[in-house]
Structure formats: C-alpha cells, structure tokens
Amino acid sequence: MLSSAKNIVQVAAALVFLSLNARALSVSRRATVCNGYSELCDRSLGNVTFVGTHDSYAVGVDNLVTNQDYDITQQLTDGVRMLQSQAHNNSGTIELCHTSCGLQDGGSLQDYLTKVKTWMDSNPNEVVVLLIVNIDDMPATEFAPVFEAANVTSISYQPSVSNMTASSWPTLGSLIDNGTRLVTFLDNSADITTVPYLLDEFSNIWETAYDLTDQNAFDCTVNRSNGDTSTQMFLINHFLDQVILGEPVPDSAQANETNAVSGTGSLGAQVSTCESVMGRPPNFMLVDFYEYGNGSVFEVAATANGVTYTAKAIATPKTSSSSSSSNDAQTLRFVPFSTVLRIAPLMITSGIIFGAWTLF
C-alpha cells in the first residue's frame with residue numbers, strides 16, 4: 001500500500017516537473033521582437049502596417065515594365081514584409097510574369113517561394129505576407145504542389161474561417177511563436193477547404209485604385225472588395241505610372257516623391273488621408289522601387305505603427321546616380337534594341353508598341 005502511494009506521488013511529481021518545464025520552454029520561446037519592433041509582438045496582424053512591393057518579382061533596369069531594382073531577398077532584408085506577385089500558367093508551370101511571360105518573366109513561383117523560405121529560416125522573428133494575383137484563375141489546388149515543393153506549407157498560417165475582421169487576426173508574436181509566420185492571399189480562386197493556407201484576398205482585404213498616372217489621384221476610395229470594408233484590413237496601391245505610347249509603365253523618375261514621407265502625391269500623404277477617412281492607417285502599402293527615398297517608405301510605416309523609426313542602410317537605386325529627391329531629377333529606364341527585337345512580336349500581338357530609348 002505504501003509502495004503504491006509512493007508511486008502515485010512520484011508520478012504526480014514527474015507530471016508537475018514536466019508541466020513546469022513545458023511552461024518555462026513556452027516562456028523562453030516567446031518572441032520579444034517582431035518585425036523589428038518589440039511593440040508589434042502583441043499587435044494583431046490586422047493592426048500593423050506593412051511595406052509591400054508591387055510586382056516584387058519584376059526586377060531589372062533594362063526593361064520598361066520592371067517595378068523593382070532588387071530581388072526579393074534584398075527587399076526582405078531591407079524591411080519589406082509584403083510581397084505581391086502575378087502568377088501565370090506557362091505551359092503547366094506557374095511562372096511570375098506581367099501580362100505575358102514573353103514580355104517579363106520573373107521565374108517560377110517555386111523558385112520564388114524557395115527564396116522566401118531561405119530568408120525566413122534565417123530571420124525567425126519576422127512575419128511575411130504574400131499576395132498572389134492569380135491572373136489565369138488557376139484553382140488553389142494547382143498552387144499546393146508548388147508550396148509543398150518549396151517547403152513553405154509548414155510555416156504557413158491556416159485560419160479556421162475564410163474571412164476575418166482586422167481585429168480578429170492573431171498577433172505577430174503568436175504567429176512567430178507558433179511557427180506560422182507566412183500568410184498568403186490569392187486574389188481569386190482561394191478555397192481554404194481544399195488548400196487551407198491560401199486565403200481569399202478580397203474577403204479579407206479591400207484595395208484602392210491602381211495604375212494611377214496622376215500624383216493627385218491617390219486617395220482612400222474603395223476600388224475592389226468582397227467584404228465589409230469597415231472591418232476588413234485594407235491595402236493602398238501607391239505606385240505611379242506614366243503613359244508611354246498609350247500604355248502605363250512604372251514612373252521611376254518620380255519615385256523619390258511618390259515614396260516620400262510628405263508632399264503632394266507622397267506615400268505619407270495617402271496614409272494620412274486614409275487615417276482621416278477610415279480612422280486607421282492601411283495595413284499594406286504597395287510601392288514600386290521601394291528603395292527610392294532612402295528609406296522613406298519604412299519611415300511612413302513606422303509612423304503608422306506608432307513606433308520610433310530607426311534609419312538603417314538599405315540598397316540604393318540602381319537607375320539613378322543618387323537617391324536625390326530633387327524635383328528636377330529625371331530617371332529613364334532603357335530597353336536595349338536586342339530586347340525590343342525579342343519582345344516586339346508579343347507587343348504587336350497585344351496591340352502594344354514599345355520603342356527603344358537611347359541617350360546621345
């Protein structure tokens with residue numbers, strides 16, 4: 001009888017010991033810095049402002065339709081936390097292309113996701129959001145094998161419901177602690193009953209207008225949504241285009257002003273407009289040439305998040321000799337003649353004619 005009682009005491013003590021150890025482990029694993037700031041750990045994802053890159057895969061300086069100077073690894077390293085891309089079915093392979101894979105091919109989605117995974121493995125206290133424009137309306141099940149091959153399913157957040165209010169999202173700290181730091185949205189054809197980590201964008205996020213060519217046109221008017229815009233997260237498309245031969249292309253010449261903290265047509269001004277209209281800042285700010293403005297987009301995000309901005313060295317513009325914000329600064333992106341010969345048939349077929357620009 002005494003032996004039995006002794007065994008019960010020993011088992012109970014062991015259980016208490018294990019419980020205390022588990023609790024200690026849980027406490028020791030708790031994230032204390034999230035996306036660069038301790039203040040964001042207890043903040044819902046729906047209450048955080050992220051800098052995002054528009055057409056993040058469209059990288060280069062020799063093509064008028066590229067939107068970024070640096071690849072996604074550098075973008076993430078510099079502080080970008082939302083990556084937007086456009087997916088096409090290119091002969092059975094999901095490629096990241098703009099309009100046509102012959103015009104601008106940013107490589108396969110699998111290679112892209114593999115880069116994201118590699119960076120996130122080296123940066124365990126960061127939450128990253130992906131927004132995939134599913135231009136060919138592929139079913140979510142076609143994306144699943146690519147996500148599995150890139151080994152990102154294990155770090156992908158899976159909600160229990162298909163649409164969530166901004167206030168109902170988990171905190172950054174809990175996403176990090178749970179190891180589900182990658183949140184992915186599809187702009188159409190998402191179905192969490194078949195692929196639980198691919199979320200429908202417009203049930204959860206509304207957007208402002210895009211492809212604007214007038215710096216005075218940035219506002220906070222709802223352009224696209226499938227939900228209650230008063231409670232959804234929202235995204236502002238803050239990238240300026242210019243029209244060349246009837247077609248909009250990224251306006252890098254104005255990027256310093258477009259990405260600025262303040263001034264007409266600036267990112268800071270649009271965020272302020274949204275705070276006045278919606279009573280809260282946007283959750284996502286999509287920009288072109290994020291490094292123009294010498295970190296201004298990250299300063300705008302810090303202000304929106306109510307944290308102290310700490311400037312750090314980031315990449316410098318590849319298409320300008322400096323990051324000058326002078327209104328007289330003009331930057332042209334050139335298309336070599338060989339590139340024109342390669343892509344001209346595609347552009348003619350689509351009714352678009354591009355030329356080559358050369359400085360003499």
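Here the structure is a predicted model, which means the values were calculated and not measured. (Residues numbered from 1 in each chain as written. Predicted model: local features only at pLDDT ≥ 70, side-chain atom pairs only at ≥ 80, totals over all residues. Heavy atoms only, no water.)

## Looking at the overall build of the protein chain
Stage number 1. The secondary structure content of the protein chain amounts to 10 helices and 12 strands.
Stage number 2. Counting across all 360 residues of the protein chain, residues that qualify as buried make up 49%.
Stage number 3. Carbon and sulfur atoms make up 53% of the accessible area of the protein chain, which totals about 16,300 Å². (Helix = DSSP H or I, 4+ residues; strand = E, 2+ residues; numbered from the N terminus. Buried < 20%, exposed > 50% of the residue type's maximum accessible area, 1.4 Å probe, protein only. Areas by Shrake-Rupley, 256 points an atom, 1.4 Å probe, with all protein chains shown as cover.)

## Notes on the environment of Asp191
Stage number 1. Structurally, Asp191 can be placed in the loop between strand S6 (182–186) and strand S7 (198–200).
Stage number 2. Owing to a relative accessible area of 31%, Asp191 belongs among the partly exposed residues under this scheme.
Stage number 3. Along the primary structure Asp191 and Ala140 are separated by 51 residues, whereas in three dimensions their C-alpha atoms are 6.5 Å apart.
Stage number 4. Residues contacting Asp191, with those up to four places away along its chain left out, are Ala140 and Leu198.
Stage number 5. Of the polar contacts made by the side chain of Asp191, one reaches the side chain of Thr193; its length is 2.5 Å. (Contact = heavy atoms within 4.5 Å. Polar contact = N/O pair within 3.5 Å; in protein donor to acceptor, adjacent residues only side chain to side chain.)

## Focus: the pairing of strand S5 (residues 128–134)
Stage number 1. Within S5, 7 of the 7 residues are buried, which leaves the element mostly enclosed by the surrounding structure.
Stage number 2. By the alternation rule, side chains of S5 split into Val128, Leu130, Ile132 and Asn134 and Val129, Leu131 and Val133, which are all buried.
Stage number 3. Summarising the sheet, strand S2 (residues 82–90) and S5 pair through 6 bridges and their orientation is parallel. Paired with Gln84 across the strands is Leu131, a residue of S5.
Stage number 4. Pairing analysis gives 5 bridges linking S5 to S6, with the strands arranged parallel. Of the residues in S6, the one forming a bridge with Val129 is Val183. (Pairing = 2+ DSSP bridges.)

## Brief notes about the layout of surface pockets
Stage number 1. Considered as a void within the structure, the largest pocket measures approximately 530 Å³ in volume.
Stage number 2. Surrounding the largest pocket, 28 residues form its lining, His54, Gln86, His98, Tyr210 and Asp211 being those nearest its centre.
Stage number 3. Of all elements in the fold, only S2, S5 and strand S11 (247–250) reach the threshold of two or more residues within the lining of the largest pocket.
Stage number 4. Partitioning the lining of the largest pocket into residue classes produces 13 nonpolar, 7 polar and 8 charged.
Stage number 5. There is about 410 Å³ of room inside the second largest pocket.
Stage number 6. Elements with a minimum of two residues in the lining of the second largest pocket: strand S1 (50–53), helix H2 (72–78) and helix H9 (296–305).
Stage number 7. The leading source of residues in the lining of the second largest pocket is H9, at 4 residues.
Stage number 8. Partitioning the lining of the second largest pocket into residue classes produces 11 nonpolar, 8 polar and 4 charged. (1 Å grid on protein atoms, 1.4 Å probe; cavity = no way out; pocket = protein on both sides within 12 Å on 5 of 7 lines; lining within 4 Å. Points joined across faces, edges and corners; volume = space filled by probe spheres on them. Nonpolar A, V, L, I, M, F, W, Y, C, P; charged D, E, K, R; others polar.)

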